[in-house]
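# Commentary on secondary and tertiary structure
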Amino acid sequence: MALIWGCATAGNARPSDGTPGDFERAAEQAAAEFGVPKEVLLGVSYESSWWEANHGRPSTKGGYGPMHLTDTTSGTTYAHRPGEGPVDATGTDDPSEHTLQAAAAMIGVAPRTLQRDELQNLRGGAALLASYQRQITRELPTDPGGWYGAVARYSQAADTATAGRFADGVFEVIRAGRQRVRKDGQRVSLPKVPSVRPATTQLASLRLRTLAAAAVPECPAELNCRFVHAAASNYQVSSRSANGIDVDFIVIHDLEGTYDGGVSWFQDPVSGVSAHYVMKADGSEATQMVATKDIAFHAGNYWVNLHGVGIELEGYAAQGPTWFTPAQYKATAALVAYLARRFDVPLDRKHIIGHDNVLPPRPARAPDAHWDPGPYWDWEKFMALLATDHRQAVEAERGAAGGSIGIGQAVTIAPTYGKNSQPVTVCASTCRTQTQPSNFLYVRTEPRDGAPLVSDLALHPDGSAGTNHIDDWGSTAMWGQEFVVADVQGDWTAIWFGGQKGWIHNPAGVNTRHAPNARIVRPASGANSISLYTTAYPRADEYPQGLPASDQTRFNVYTFPQGQAYVAASTPVDADDFFPATPTRREVVVTGDQKYDVIQYNRRLATVKTGETGR
């Protein structure tokens with residue numbers, strides 16, 4: 001057995017025909033070796049990593065491999081790089097943050113081996129589960145339901161609510177079953193066991209603390225939420241919705257740092273920024289810091305803040321050695337779905353956006369515009385989680401994938417994340433290029449590999465070509481965005497993108513799908529071009545006396561000429577602005593008589609006056 005395990009490395013696991021492979025067989029062997037029911041081991045692995053090894057990279061929580069064995073070595077951090085940060089989020093010696101070392105000792109394998117060898121990682125996870133079970137029942141039951149306490153302990157949670165949520169998630173996986181094709185092509189199956197009855201009373205034996213009751217935050221019931229106020233100077237008190245200001249956007253960010261550090265930063269009045277929510281890397285906890293009726297300062301564009309709810313994720317946009325955890329995706333999706341229901345926000349990528357989809361209010365700020373959550377936030381996976389309760393409507397909106405593509409029709413950018421490996425260069429004192437699954441397509445000036453990337457004049461005023469640097473966002477089209485087809489040549493599709501014709505590699509339409517319900521806008525007949533903005537404020541003469549008008553600045557480096565077309569949100573928005581209450585004045589909402597369309601112009605959104613457009 002030792003020889004078998006010693007030779008079975010992750011590099012051997014390469015079946016590509018979708019049949020069960022080394023991973024599933026290794027999980028079965030590991031479960032049998034340590035007396036763990038196979039359903040329990042596969043359920044814990046699915047809930048921890050979706051059965052992926054992630055090429056030996058740690059998660060943002062410092063967890064490795066399909067069993068998410070943790071190692072956050074005290075005092076050790078990775079060198080800072082743009083968009084990245086230390087994996088070590090806590091720097092403590094708490095055993096819960098070093099399960100990799102404990103598992104390695106149990107199976108007699110070096111800890112470093114468990115980081116990269118997914119089969120040994122499975123053995124280590126099974127050994128840990130068995131050790132926890134013996135502490136609870138002094139035996140290893142064959143009934144999966146008898147392992148509830150061990151599964152809850154495996155979460156390393158400090159309180160009963162969090163540990164119970166993890167265990168409940170695992171047993172829901174066991175009860176309903178799962179099938180998934182991994183990134184390496186292996187099909188993994190966990191047949192459903194609807195009769196399983198988890199012994200939930202075992203949770204009490206863990207003697208975890210029960211959190212004290214606190215003010216109820218605005219969160220779905222399944223999310224462990226608390227409320228910690230941001231500094232008063234970092235947001236504006238408002239009565240959104242009640243005063244007629246709609247929430248139109250839910251904006252996903254990442255912190256470029258730790259969960260606790262983000263909470264502290266928003267509590268610091270010097271920072272000047274905040275978000276409505278901060279989400280922990282393992283999905284076990286969220287902190288609400290600004291009430292949704294109030295206006296948080298998170299998007300770098302006040303008008304978007306006025307109409308947005310901001311969610312900051314513990315994580316790093318360049319990702320490099322890290323990955324967003326399944327629990328974080330699930331918890332964030334639960335929060336976004338809850339907010340979308342409350343505020344009637346459509347579950348599409350015109351309204352569920354990243355910070356990297358927000359243009360700054362003025363062209364001069366474009367070079368410093370944030371690009372989080374970055375190229376490695378899996379929008380495909382995330383939007384699928386959101387669509388769970390809205391499947392029919394979403395499928396109708398999506399249209400057919402692939403097939404013939406006609407000039408003038410709208411398509412959705414939809415590369416399969418696991419198959420869409422793109423090169424990205426990250427530079428600090430030195431540069432490195434990493435190629436891994438990504439959520440975007442490069443947009444080129446000509447329909448051929450190696451053609452220059454389109455130039456974004458806000459980033460390259462001299463008209464030079466775009467680059468693949470991670471912060472050079474101007475020549476990338478993101479998953480879920482919709483654009484109008486301008487031309488088709490062989491394996492390439494041209495779209496109207498940022499005021500020009502840009503080409504994406506799209507053989508047989510594999511990277512797009514039809515968007516039959518898209519609302520397409522063009523310059524009105526007779527107009528040579530129309531102006532682009534990134535806000536939607538009233539005209540200066542529409543503001544009451546004594547209230548200064550916000551500057552509605554044209555984004556004059558961009559063009560929207562006659563002959564081009566872009567996809568707009570289904571409903572135009574009102575021109576509006578807001579002034580918070582003072583000791584001598586009630587809050588004021590200023591509404592103009594103009595309406596604006598919010599269009600997907602390039603990687604980012606822009607606004608145009610509806611009176612200047614046609615269809």
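Before going into details, it helps to say that this report is about the structure given with it. (Residues numbered from 1 in each chain as written. Predicted model: local features only at pLDDT ≥ 70, side-chain atom pairs only at ≥ 80, totals over all residues. Heavy atoms only, no water.)

### Overview of the packing of helix H3 (residues 38-49) against helix H6 (residues 118-137)
The geometry of H3 relative to H6 is characterised by a closest axis approach of 11 Å and an angle of 115 degrees between their N-to-C directions. As far as their axial angle goes, H6 and H3 are roughly perpendicular. Every pair of crossing elements has a handedness; the one defined by H3 and H6 is right-handed. Contact with H3, carried on its side by Val40, Leu41 and Val44, involves Leu122, Gly125, Ala126 and Leu129 of H6 and no other residues of that element. Each residue belonging to the contact of H3 with H6 can be placed in one class, and the counts come to six nonpolar, one polar and no charged. (Axes fitted to C-alpha atoms, helices over the stretch in contact; angles between N-to-C directions. Helix = DSSP H or I, 4+ residues; strand = E, 2+ residues; numbered from the N terminus. Parallel < 35°, antiparallel > 145°, perpendicular 65-115°, else oblique. Left-handed = near helix turned anticlockwise from the far one by under 90°. Contact = heavy atoms within 4.5 Å. Nonpolar A, V, L, I, M, F, W, Y, C, P; charged D, E, K, R; others polar.)

### Focus: unusual backbone geometry
Glycine aside, a negative phi is what most residues show, and trans is what most peptide bonds show. That bond from aspartate 372 to proline 373 is cis: its omega, 5 degrees, falls within 30 degrees of zero. The phi angle at histidine 55 is positive, at roughly 55 degrees, despite the residue not being glycine. Among the structural elements, histidine 55 can be located in the loop between H3 and strand S1 (63-64). For histidine 55, a relative accessible area of 57% puts it in the exposed group. (Buried < 20%, exposed > 50% of the residue type's maximum accessible area, 1.4 Å probe, protein only.)

### Focus: the state of the cysteines
The full count for this structure, using the stated rule, is two disulfides. Paired through a disulfide, cysteine 219 and cysteine 225 show a sulfur-sulfur distance of 2.0 Å. Around the S-S axis, the bridge from cysteine 219 to cysteine 225 shows a dihedral of about -90 degrees and counts as left-handed. Judged by relative accessible area, cysteine 219 falls into the buried class, the value being 13%. Judged by relative accessible area, which is 17%, cysteine 225 ranks as buried. (Disulfide = S-S within 2.5 Å.)

### A word on the pairing of strand S7 (residues 249-254)
Summarising burial for S7: six of the six residues are buried, a large majority. By the alternation rule, side chains of S7 split into Phe249, Val251 and His253 and Ile250, Ile252 and Asp254, which are all buried. Across six bridges, the pairing between S7 and strand S11 (residues 308-313) is parallel. Its bridge partner being in S11, histidine 253 is matched across the sheet by glutamate 312. The sheet contact formed by S7 and strand S12 (residues 352-354) spans three bridges and is parallel. In the strand pairing of S12, isoleucine 250 is matched with isoleucine 352. (Pairing = 2+ DSSP bridges.)

### Topic: the sheet that holds strand S21 (residues 512-514)
With antiparallel pairing, the five strands of this open sheet are ordered in space as S20-S19-S18-S13-S21. The outermost strands of the open sheet, each flanked by one partner alone, are strand S20 (500-505) and S21. The average undirected angle you get between the axes of adjacent strands in this sheet is 50 degrees. Bridging between strand S13 (residues 410-413) and strand S18 (residues 482-489) involves three bridges; their strand directions are antiparallel.

### Remarks on the environment of tryptophan 492
Position of tryptophan 492 among the secondary structure elements: in strand S19 (residues 492-497). The class for tryptophan 492 is buried, based on a relative accessible area of 8%. Through-space distance from the C-alpha of tryptophan 492 to that of arginine 448 is 7.6 Å; in sequence the pair is 44 residues apart.

### Observations regarding the pattern of salt bridges
Two side chains bearing opposite charge may form a pair once their charged atoms approach each other closely. Scanning the entire structure with this criterion turns up 19 salt bridges. Notably, a salt bridge pairs glutamate 482 with lysine 350, separated by 3.1 Å at the nearest N-O pair. Within this pair, whereas glutamate 482 is found in strand S18, its partner lysine 350 is found in the loop between helix H11 (326-343) and S12, the two being separated by 132 residues in sequence. You can call glutamate 482 buried: its relative accessible area is 5%. Salt bridges sharing partners connect three or more residues here, namely Arg539, Asp541, Glu542 and Asp593. (Salt bridge = Lys/Arg side-chain N within 4 Å of Asp/Glu carboxyl O.)

### As for the sheet that holds S12
Read across the sheet, six strands follow the order S5-S9-S8-S11-S7-S12 without closing on themselves; strand pairing throughout is mixed. The sheet is open, and its two edges are formed by strand S5 (225-227) and S12, each paired on a single side. With direction set aside, neighbouring strand axes in the sheet form an average angle of 25 degrees. Pairing geometry for strand S8 (residues 277-279) and S11, over three bridges, is parallel. The residue bridging tyrosine 277 from the neighbouring strand is isoleucine 311, located in S11. The strands touched by helix H9 (residues 259-267) are S5, S8, strand S9 (286-288) and S11; relative to S8, the strand with the most contacts, the crossing angle is about 165 degrees.

### Section: the packing of aromatic side chains
This model, assessed by the stated rule, comprises 19 aromatic pairs. Aromatic pair phenylalanine 249 and tryptophan 303: ring centres 6.1 Å apart, planes at 65 degrees, arrangement edge-to-face. Note that phenylalanine 249 is positioned in strand S7 and tryptophan 303 in helix H10 (residues 302-306), a separation of 54 residues in sequence. Ring centres 5.2 Å apart and planes at 40 degrees place the aromatic pair tyrosine 566 and tyrosine 601 in the tilted group. Highlighted residues: tyrosine 566 in strand S25 (residues 566-568) and tyrosine 601 in the loop between strand S27 (588-600) and strand S28 (605-609), separated in sequence by 35 residues. The pair formed by tyrosine 566 and tyrosine 601 is uniform in burial state, with each residue classed as buried. Counting every residue linked through ring pairs, the aromatic cluster contains Trp50, Phe324, Tyr329, Trp377, Trp379 and Phe382. The ring centre of tryptophan 379 lies 3.8 Å from the NZ or CZ of arginine 349, which sits over that ring. Directly above the aromatic system of tryptophan 473 lies the positively charged group of arginine 604, at a separation of 4.0 Å from the ring centroid. (Phe/Tyr/Trp six-rings, centres within 6.5 Å; stacked < 30°, edge-to-face > 60°. Lys NZ or Arg CZ within 6 Å of the ring centre and 35° of its normal.)

### Regarding helix H4 (residues 99-107)
The complete set of buried residues in H4 reads Thr99, Leu100, Ala103, Ala104 and Ile107. Each buried residue of H4 lies within a common arc of 135 degrees when the element is viewed along its axis, so the set occupies one face. Buried residues along H4 sit against helix H2 (22-34), S1, strand S2 (69-70), helix H5 (111-116) and H6. Just beyond H4, the residue with positive phi is glycine 108, at close to 70 degrees. (Arc of directions from axis to C-beta.)

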